[in-house]
Amino acid sequence: MKNIGLHLISFLLLCMVTSDSNSQTQVSPQLTGPDFHSYANVADVRVKHIDLDWQVLFAQKVLKGTAILTVERVSRNTRAPLILDTKNLNVEKVETSVNGRTYRPGKFTLATEDKILGSALTILLPVGATRVRIHYATRPNASGVQWLDPSQTSGKKTPFMFTQSQAIHARSWIPLQDTPSVRVTYNARVRTAPNLLAVMSAANDPNTPRDGDYSFAMSQPIPSYLIALAVGDLSFKPLSQRTGVYAEPSVVDRAAQEFSDTEKMVQATERLYGPYRWERYDMLVLPPSFPFGGMENPRLTFLTPTIIAGDKSLVSLVAHELAHSWSGNLVTNATWRDFWLNEGFTVYLERRIQEAVYGKPRANMEAALGLRDLQDELGRLEDRDEILHVDLKGRDPDDGFTDVPYEKGALFLLHLEQTFGRERFDQFLRSYFDHFAFKSITTEEFLSYLKANLLDKHPDLAAKVPIDEWINNAGTPASAPKPSSPAFAQVELLAQRWQRGEVPVAQIPVTAWSTQEWLHFLKSLPEKLDQKKMAELDQAFKLTQSGNSEIAFQWLMMSLQNAYEPAFQRVEDFLSTIGRRKFIKPLYEELAKSPEGRAFAMKIYRRARPTYHPIAVATIDEVLKWNG
Ligand SMILES: [Zn+2]
């Protein structure tokens, strides 16, 4: 893989241009793997550290500045250039430095853009060069940056911006080796309006003076998809000595209330899997257009406000993002086909944290809901997408974000836990996190570690888990665990009896129900319910007006499936104010099934589209076959 091919290199040298002209070549470097989502020639040159310096230009929706990459040759190929990933960047000039102080004009080419991967930026590296400085600006439609007008924030007075780098969107705002197999440390200086605060996935000082000039240092090496920035009118509220929450001033108190168990969660995870290695654990609550539930940006988890339910019922998401501080941020997937190493482990850890903090019944409910989601998903997916070690070559890695890496991955680990016993499996996991700390690994590396440290030590037990089937086959093995919850069994029975008319709605004992029981109740009802039944539920439990985003979403899905008109206005309001992909994608898909539904969807989408994140826009454009 280190041979890009000599004639390709000489061709690149021939068409190198001086830094003040910005020419394009038709040639993209060959993708040689194992990461088929990056052009970076990491077998020859590795970036070790990045110094960033930006101005945040809200009026133009642009980040403008420089990235200084500290590079190291790792092969004997001293003529190898530095190949970086970029997407939709304006590269103004490139300079190189041997001593790290004085810079000379450098030569670079920018390849024609590939729709998924962007444009390779190839920079000629003089002998002895240790640093490369790139002067560049992002474009307003960068896929990894969302710019919000004041009207899209809670405060309505100041603009807001935030980044989302996973999976391969870091390249749309930083020129770098955008592969999770490379880890870097970074420093950054961010200049913006003095009334705004910038925060990053780095050391943030909650007491920093608000002067519009902020500096950050990330001293632990992290993969590119964890570099993150947000700028807005943010307040901070501490939750404990080392945890706290950033949010818009009108949201921060509610958020602090909702997330008050965070320190308990950190301690529970430390007891299970070893020390928290990132010093502070803070959270940032974003405006509602954030396309995901959460993003595990190290030291500063980004969260959707839709999990603030008022009763801590949706904080499994905090447990999830926190768990990534071990599974994912500490031990990372080397390529996106190994994504299940991040997410399967994290869902498994999330449930263990839930169990430690909220008790076994709640963890059981979450696991049972997870299994149900997985079964639904397996019913929809093609075989090739049901495989943990999924082949994503030539595809957008965002295609791999299904329940499979999450729930099937977690189920596999649960199978190991149940087979080898919790004590042994906990020891194994703890040593796994220590062994691979701050490394990025492949599925093969995990499997050989598993073999040496668990399977070979207990061959009789190992024979009971069909490892290869778990990793390489579609579906789940027949011997897979089937998590269940006694509380759910009761809820199911009630759902059936109510639906058959044996129990009146007033006698359903909902007052003590958790969100999880509510969700299970709704999901246990048949897909087709008549208008009378829908109205009966709605009148009794005010479901159309539910302030709990998960319950509201489930109810609105049922309302669309059953053409329950009294909920249609809420569907419109919901889709117009929330951009979380987990919710909006299924709703639009359901609407798109009928001509009237599709027309309704197009009407909503026309107005909502400019308020959604570029990642959500890409998804919904496809659902609705949008062409402007
Ligand atoms: Zn996750």
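A. Local environment of the layout of surface pockets. Volume-wise, the second largest pocket comes out at about 590 Å³. Taken together, 29 residues make up the lining of the second largest pocket; nearest its centre are Pro288, Pro305, Thr306, Thr577 and Ile578. Contributions of two or more residues to the lining of the second largest pocket are made by α2 (249-258), α15 (549-561) and α16 (568-577). Looking at the lining of the second largest pocket element by element, the count peaks at 4 residues for α16.

B. View of empty space enclosed by the protein. Inspection of every chain in the model, using the stated rule, returns 3 cavities of 30 Å³ or more. What the largest cavity holds in volume is close to 90 Å³. Ile387, Val390, Gly400, Thr402 and Pro405 are, among the 14 residues lining the largest cavity, the residues nearest its centre. For the lining of the largest cavity, the elements supplying multiple residues, two or more each, are α5 (339-358) and α7 (403-420). Residues of the lining of the largest cavity, tallied by class, amount to 9 nonpolar, 2 polar and 3 charged. The volume enclosed by the second largest cavity comes to roughly 40 Å³.

C. Highlighting the packing of aromatic side chains. For the coordinates displayed, the defined rule picks out 41 aromatic pairs. Ring centres of Phe553 and Phe583 lie 5.1 Å apart, and the angle between their planes is 35°; on these two criteria the pair is classed as tilted. Residue Phe553 is located in helix α15, and its partner Phe583 is located in helix α17 (residues 581-591); the two are separated by 30 residues in the primary sequence. Side by side, Phe553 and Phe583 carry an identical accessibility label, which is buried. Sitting over the ring of Tyr103, Arg133 keeps its end group 4.0 Å from the ring centre. The ring of Phe583 carries Arg580 above its face, with NZ or CZ at 4.9 Å from the centroid.

D. Looking closely at the side chain of Asn88. Considering the arrangement of structural elements, one finds Asn88 in the loop between β5 (82-86) and β6 (90-97). At a separation of 2.9 Å, a polar atom in the side chain of Asn88 contacts the side chain of Arg139. For Asn88, the side chain forms a polar contact with the side chain of Asn141, separated by 2.8 Å. Other than its neighbours up to four places away in sequence, Asn88 contacts Glu113, Arg139, Asn141 and Ala142.

E. Layout of the coordination of the zinc ion. Taken together, His320 (NE2), His324 (NE2), Glu343 (OE) and Glu343 (OE) make up the protein donors of the zinc ion, found 2.1 to 2.6 Å from the metal. In this structure, the zinc ion is surrounded by 4 donor atoms whose angles at the metal cover 55 to 152°, and the resulting shape is irregular. Given the relative accessible area of 7%, His320 is considered buried.

F. Examining the confidence of the model for the protein more closely. Across the protein, the average pLDDT comes to 94, with 96% of residues at 70 or higher. The low-confidence segment residues 1-22, where pLDDT is below 50, has 49 contacts with residues more than four positions distant or belonging to other chains.

Calculation criteria
Residues numbered from 1 in each chain as written. Predicted model: local features only at pLDDT ≥ 70, side-chain atom pairs only at ≥ 80, totals over all residues. Heavy atoms only, no water. 1 Å grid on protein atoms, 1.4 Å probe; cavity = no way out; pocket = protein on both sides within 12 Å on 5 of 7 lines; lining within 4 Å. Points joined across faces, edges and corners; volume = space filled by probe spheres on them. Helix = DSSP H or I, 4+ residues; strand = E, 2+ residues; numbered from the N terminus. Nonpolar A, V, L, I, M, F, W, Y, C, P; charged D, E, K, R; others polar. Phe/Tyr/Trp six-rings, centres within 6.5 Å; stacked < 30°, edge-to-face > 60°. Buried < 20%, exposed > 50% of the residue type's maximum accessible area, 1.4 Å probe, protein only. Lys NZ or Arg CZ within 6 Å of the ring centre and 35° of its normal. Polar contact = N/O pair within 3.5 Å; in protein donor to acceptor, adjacent residues only side chain to side chain. Contact = heavy atoms within 4.5 Å. Donors = N, O, S within 2.8 Å, 3.2 Å for Na, K, Ca; no water. Tetrahedral: all angles 85-135°; square planar, octahedral: opposite > 155°, others 65-115°. pLDDT = per-residue confidence, 0-100.

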